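Architecture at a glance
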Amino acid sequence: MSKKPGTFKGTRDFLPETMVKRNYIFDTIKTVFRKYGFLPIETPSVEKRETLMGKYGEEGDRLIFRVLNSGDKLKKADQDALNNNELPKFANSISDQALRYDLTVPFARFVVQHQNDLDFPFKRYQIQPVWRADRPQKGRYREFYQCDADVVGSDALIYEVELIQIFDEVLTNLGLPDFSIKINNRKILSGIAEVCGESDKLVPITVAIDKLDKIGKDGVIKELIERGVSNDAIEKIDPLFQLSGTNTEKLDLLKSYLADSEIGLKGVEELEWVFNQVETLGLKQAKLELEVTLARGLNYYTGAIFEVSANNVQIGSICGGGRYDDLTALFGLSGLSGVGISFGADRIYDVMTELDLFPSSVTNTTTYLFINFGTEEQIYSMQIAAGLRRLDIPCEIYPEPKAMKKQMKYANNRHIPFVVLVGSDELKNGTVTLKNMVTGEQETLTKEDFLNKHK
RNA sequence: GUGGUUGUAGCUCAGUUGGUUAGAGCGCCUGGUUGUGGUUCAGGAGGUCGUGGGUUCGAUUCCCAUCUUCCACCCCA
């Protein structure tokens, strides 16, 4: 124990048993992404510092892992800044690059950089790890995977509808029994701030009301006061806390509440259209809920915002997303609207583990193990195994004629569902004996019949 | 970034009010069973009690630091 090596705080190794389950999640997500016409890309783990910094708000910047300069570049260290305790400035002087914090901002950079090689609207999916210098907790890691699908170059609401369908389809295919897609629109939040006469306090207002389900109405009001929102405005926000009923009822209420706000009404209209289309098309499992208090922290969202949570599991949201009207403008290309979603694969894994949702077939990586009885039997087994592999059946041969107990145990621990016994009798008769490791049943059949079973 | 918490065998955890050889269950290995795993029985291996320093005749136990775990806040997937 004492001298055992370990991984860096908040990061993990994945053993084969875990990896096959993770791959099952990734594969399910990819399959659905492709079905909706998204194309794969990858971007580097490390980006220039200026690409990332300032895109996620002050809080986000703090959580970006910086990468130290090397060699002579270290001599640029701003020692005055260090002596004056200006740590961020000092950090900038010795670090010109950083690990990516999410996949969306690097994607915006990617779009601007390769704009002449892309067909718009450009739909891409990307499954890669991201890093955050956060304090780890359960369901919260320093290195984790995001599975993003984004469309850039169209403000058509059809994409909001399709992204909701993707959430629904992926999570249904993974077998999640109960989950909610919460949706809101930043324009509605802007409208609320406008109606309250506090347009300049949009961010503090959204951050505060986002916490309604966590700290309750009184907590939100307290926070609004702390953030300098006037009492008049708080009174005007108050009715929103009582907003209840069906999505249609909520929309109707919002229409009258936001009657004086052009942008607010635009948001309501957009949401209404999305709801209508989703209703017509139908969802498999998801509950789609309008949640006026949903705000999400990332500042770059401007239209629809999404968040998905698994019900009956104590973990944060498992997916997120939204529309950002001008993210590429930060890199010099304006007029491109984008909308995208992200699956938090690590949290989905945790939820599926807690609810025991992985089908047992996922861990059956090898179908047959050939028991090794000796040299001649092994050669005979290798021929049959080659036949199976030509039929794409995964199988393996135990490498040495060790005690059968040991070989059986190996099959058992590896969750291999069938064992093939080829001893001297089988060799002589041109047969194999098949043992089902779950039921314990055995049957003997000719090797031709065995192979033909799989055609 | 703030406050707290955790660390003893591969895993889950007892225990030591500071004192000769630190325990259990599960797992692992060997054998009962030289063509049968998952059940059962018998035996066995495995720990400088997270790491570094301090106090002490003596520290796994007390103190400090550090790393790690988990939790609340912040924020978020």
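Per the domain assignment, the segments of chain A are domain 1 (16-44 + 101-354) and domain 2 (364-452). Each of domain 1 and domain 2 has a C-alpha centre, and the two are 51 Å apart.

Another point: the packing of aromatic side chains. Throughout the structure, instances matching the rule amount to 18 aromatic pairs. Judged by centre distance (6.3 Å) and plane angle (25°), the ring pair of Phe107 and Phe110 falls under stacked. Of the two residues, Phe107 and Phe110 are both situated in helix α6 (residues 104-113); the distance of three residues between them amounts to about one turn of the helix. Given the relative accessible area of 12%, Phe110 is considered buried. Ring centres of Tyr349 and Phe358 lie 5.5 Å apart, and the angle between their planes is 50°; this geometry places the pair in the tilted category. Residue Tyr349 is classed as buried on the basis of its relative accessible area, which comes to 14%.

Taken together, 46 residues form the shell around RNA strand B, and within it Lys138, Arg140, Ser317, Met437 and Gln442 come nearest. Put simply, 52% of the atoms of RNA strand B that lie within 4 Å of the protein are in sugar or phosphate. At a separation of 2.8 Å, a sugar or linking oxygen of RNA strand B approaches a polar side-chain atom of Arg132. In the model, a sugar or linking oxygen of RNA strand B is placed 3.4 Å from a nitrogen or oxygen of the Cys319 main chain. For the surface near RNA strand B, the elements supplying multiple residues, two or more each, are α3 (57-62), β6 (143-152), α16 (404-413) and α17 (424-429). If you tally residues by element for the surface near RNA strand B, the top one is α16, at six residues. Counted by class, the surface near RNA strand B contains 14 nonpolar, 12 polar and 20 charged residues.

A separate point is the pairing of strand β16 (residues 442-446). Taken together, the five bridges between strand β15 (residues 431-436) and β16 define a ladder with antiparallel strand orientation. Bridge assignment links Thr433 to a residue of β16, and that residue is Thr444.

Thresholds applied
- Residues numbered from 1 in each chain as written.
- Chains lettered and ligands numbered in written order.
- Predicted model: local features only at pLDDT ≥ 70, side-chain atom pairs only at ≥ 80, totals over all residues.
- Heavy atoms only, no water.
- Domains from an automatic or database assignment.
- Phe/Tyr/Trp six-rings, centres within 6.5 Å; stacked < 30°, edge-to-face > 60°.
- Helix = DSSP H or I, 4+ residues; strand = E, 2+ residues; numbered from the N terminus.
- Buried < 20%, exposed > 50% of the residue type's maximum accessible area, 1.4 Å probe, protein only.
- Near = heavy atom within 4 Å.
- Polar contact = N/O pair within 3.5 Å; in protein donor to acceptor, adjacent residues only side chain to side chain.
- Nonpolar A, V, L, I, M, F, W, Y, C, P; charged D, E, K, R; others polar.
- Pairing = 2+ DSSP bridges.

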